[in-house]
Amino acid sequence: MHPLYSTLLGDTRFHELLLDCDQDIAIAARRERCLLCRSVVHSARYRRKPRGRPAGLGEEHDWRFSFCCTLDGCRKRKTPPSLRFLGRKVYLAAMVVLIAIMREGATPGRMGRLSGLVGVDRRTVQRWRKWWRDRFTTSPFWRQAAAAFMPPVNQDRLPASLIERFIGSAPERLIAVLRLLLPITGGNAVHVV
Ligand SMILES: [Zn+2]
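Thresholds applied
Think of each chain on its own: its residues are numbered from 1, step by step along the sequence as written. For a predicted model such as this one, the threshold for reporting local features is a pLDDT of at least 70, and the threshold for listing and counting side-chain atom pairs is 80 or more; totals across whole chains, interfaces and linings nevertheless cover every residue. Each side-chain value is worked out from all heavy atoms of the structure, with water and hydrogens disregarded. For helices the rule is a DSSP run of H or I covering at least 4 residues; for strands it is a run of E covering at least 2, with both sets numbered from the N terminus onward. Throughout this description, buried means an accessible area under 20% of the type-specific maximum (1.4 Å probe, protein chains only), exposed means over 50%, and partly exposed covers the range between. Fitted lines through C-alpha atoms give the axes, limited to the stretch in contact for helices. The angle between two N-to-C directions lies from 0 to 180 degrees. Between 65 and 115 degrees an angle is taken as roughly perpendicular, under 35 as roughly parallel, over 145 as roughly antiparallel, and anywhere else as oblique. The sense of a crossing depends on the near helix, which, turned anticlockwise from the far helix by less than a right angle, makes the crossing left-handed and, turned clockwise, makes it right-handed. The criterion used for residue contact is that any of the two residues' heavy atoms lie within 4.5 Å. When residues are grouped by polarity, Ala, Val, Leu, Ile, Met, Phe, Trp, Tyr, Cys and Pro land in nonpolar, Asp, Glu, Lys and Arg in charged, and all others, Gly among them, in polar.

Digging into unusual backbone geometry
Item 1. Here the bond from Met 150 into Pro 151 is cis, since omega is 0 degrees, no more than 30 degrees from zero.
Item 2. As for its position among the elements, Pro 151 is in the loop between α6 (140-146) and α7 (160-163).
Item 3. Note that the residue after Leu 158, namely Pro 159, is joined by a cis bond; omega there is 0 degrees.
Item 4. Mapped onto the fold, Pro 159 is located in the loop between α6 and α7.
Item 5. A positive phi angle, close to 65 degrees, is found at Arg 33, a residue other than glycine.
Item 6. A residue is classified by how much of its surface remains accessible, and Arg 33, at 38% relative accessible area, is partly exposed.
Item 7. Although it is not a glycine, Arg 75 sits at a positive phi angle of roughly 55 degrees.
Item 8. Among the structural elements, Arg 75 can be located in the loop between β4 (67-69) and β5 (77-78).

Examining the packing of helix α3 (residues 93-103) against helix α8 (residues 170-181)
Any two packed helices are characterised by how steeply their axes cross, that is the angle between the axes, and by the distance between the axes.
Item 1. Taken N-terminus to C-terminus, the directions of α3 and α8 make an angle of 120 degrees; their axes are 10 Å apart at the nearest point. Regarding the angle of α3 to α8, the classification is oblique. As α3 packs across α8, the resulting crossing turns out to be right-handed. Contacts between α3 and α8 involve Ala 93, Ala 94, Val 97 and Leu 98 from the former and Leu 174, Val 177, Leu 178 and Leu 181 from the latter.
Item 2. In the contact of α3 with α8, the residues fall into eight nonpolar, no polar and no charged.

This is how it looks when you write it as structure tokens:
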């Protein structure tokens, strides 16, 4: 399972697919108008500098979809959920999930090769592991989401134990996990990230 996932991170078609999904989510968010006053919203996307992407992706992948209310005095910003950006994390959401999975049971040698392959240093990988184990598992979001899994998801093995619960090909499973995480990715998200 691990080699499949590492291929996925370097697959530009996979990143195009994530962008397409984000576009659909953004279109729906725009249609819903302003959360406060129901006025029309306009695009107020902003540039991120995501790390962890393969070379050769266009600059359209740098942008985080976001909207701003057009009504003077309101101007409320609304940033829809995303399959690509996990809150303020600088690495792509897919990486934060996959590296933590590939890390499981890895020897120091293999971990070194993995870090080199995706350009993430060990400290970052350790930090993500801690994030999954501590902050994520204790978040109100996860407590609620976890209740949907029976038998319960093994929290010590997140996110590997989570992706194993979904069926399908590697990309399908990864997208299922990213979809599950959507509520904690947006501007009005629960602050886990
Ligand atoms: Zn408004």
